[in-house]
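Residue strings, one per chain:
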Amino acid sequence: MPELPEVEVTRRGIHTHLTGASITQAQIRHSVLRWPVPDDLATLLPGQQISAVNRRAKYLLFACSKGTLIVHLGMSGSLRVLPASTPPLRHDHFDLQMDNGAMLRFRDPRRFGAILWWDDDIRQHPLLQKLGPEPLSADFDGQFLQAKIHGRNASIKEVLMNQHIVVGVGNIYANEALFHAGISPLAAAGSLSRAQCERLAEAVKATLLRAIEAGGSSLRDFTDCEGNPGYFQQQYWVYGRADQPCRQCGTQVSKTRQGQRSTFFCAQCQQ
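Residues numbered from 1 in each chain as written. Predicted model: local features only at pLDDT ≥ 70, side-chain atom pairs only at ≥ 80, totals over all residues. Heavy atoms only, no water.

Participant: Explain the pattern of salt bridges to me, please; I cannot follow it from the model alone.
Facilitator: In a structure, side chains of opposite charge can pair up when their charged atoms sit close to one another. Summed over the entire model, instances satisfying the criterion amount to 12 salt bridges. A salt bridge links Asp121 to Arg123, with the nearest nitrogen and oxygen atoms 3.0 Å apart. The class for Arg123 is exposed, based on a relative accessible area of 61%. Counted as one network, the salt bridges with shared partners bring together Glu8, Arg11, Arg12, Arg55, Arg56, Glu134 and Glu213. (Salt bridge = Lys/Arg side-chain N within 4 Å of Asp/Glu carboxyl O. Buried < 20%, exposed > 50% of the residue type's maximum accessible area, 1.4 Å probe, protein only.)

Okay, structure coming up:
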């Protein structure tokens, strides 16, 4: 599933092609995604100008003249900027044609993505209004994290992936950030000290920024808007490296399950 870095890489790739351009056509080929694509988008969107392409958590937000187009990539979705003449393939469900000649195409083989419309304050959308702060913002730091995890018995990894605590820290980057912070993913969240919270908040930021700079992680079929894969998976310290030597101390990397997700850690480096 694309996580925050992959979504941010996509946003950065498409915003220059779309910002300031007007929509000339919206084509819906398959409306049955995670939620039904609104039937009136094909008539509502043409003529509207896109003033910005933003991101909130893993949602891409296209600020239009009369509202916001919301796109979520789901588990297998992608957005590509293509020549307008590019013929659609089987899993190409939605196109936006722009007056500058660009075409944005949404592809989603598993159909767990979403294309939605909101004509009010986007911060009040039901999917967005209760989300935690962005991990790369000044609102997320050690002090904030310690306050949020106080008294919680759930593991720190599971709490770190709670979108009401902080958004966008998925399984890959939670594993990696906890390693760099030297904190066991199995530790009770409420047991972390202020110093550990400071280290973890900084590790989350650094890990996400490195992943964005590397173009994200290409697990399965993730590519950016131009079809280029990400390369952050080549920098993993623990994720996906079960039974391999820790890059830091040589101890065998361990693997377990938490909340039905795989967890990777070094028992020596993460006490």
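After presenting the structure, the write-up continues.
Participant: What is the right way to look at the packing of aromatic side chains in this model?
Facilitator: Aromatic rings considered in pairs are described by the distance between their centres and by the relative angle of their planes. Taken as a whole, this structure holds four aromatic pairs when the rule is applied. Measuring from ring centre to ring centre gives 6.3 Å for Phe140 and Phe144, while their planes differ by 70 degrees; the resulting arrangement is edge-to-face. Residue classification places Phe140 among the buried residues on the basis of a relative accessible area of 0%. Geometrically, the ring pair formed by Tyr239 and Phe264 is edge-to-face, given 5.1 Å between the ring centres and 70 degrees between the ring planes. On the criterion of sequence distance, the pair formed by Tyr239 in the loop between helix H6 (194-213) and strand S9 (254-258) and Phe264 in strand S10 (residues 261-265) is long-range, its members being 25 residues apart. In terms of burial, Tyr239 and Phe264 fall into one category: buried. An aromatic cluster is built from Tyr236, Tyr239 and Phe264, whose rings are joined through pairwise contacts. (Phe/Tyr/Trp six-rings, centres within 6.5 Å; stacked < 30°, edge-to-face > 60°. Helix = DSSP H or I, 4+ residues; strand = E, 2+ residues; numbered from the N terminus.)

Participant: I keep staring at the nonpolar core and nothing clicks. Help me out?
Facilitator: Considering soluble globular proteins, one finds that nonpolar side chains tend to be buried as a cluster. The biggest cluster of nonpolar side chains holds 34 residues, and the ones touching the most others in it are Ile149, Ile156, Leu160, Leu200 and Val204. For this core, the elements supplying multiple residues, two or more each, are helix H3 (142-149), helix H4 (156-160), helix H5 (171-181) and H6. If we skip the residues at most four places from it in the chain, Leu200 touches Leu145, Ile156, Leu160, Ala177, Leu178, Ala181, Ile183 and Leu192. Ranked by size, the runner-up nonpolar core spans 28 residues in total, among them Phe62, Cys64, Leu69 and Phe94. (Core = buried A, V, L, I, M, F, W, Y, C linked by side-chain atoms within 4.5 Å. Contact = heavy atoms within 4.5 Å.)

Functional significance is not addressed by these values, which are geometric in nature.
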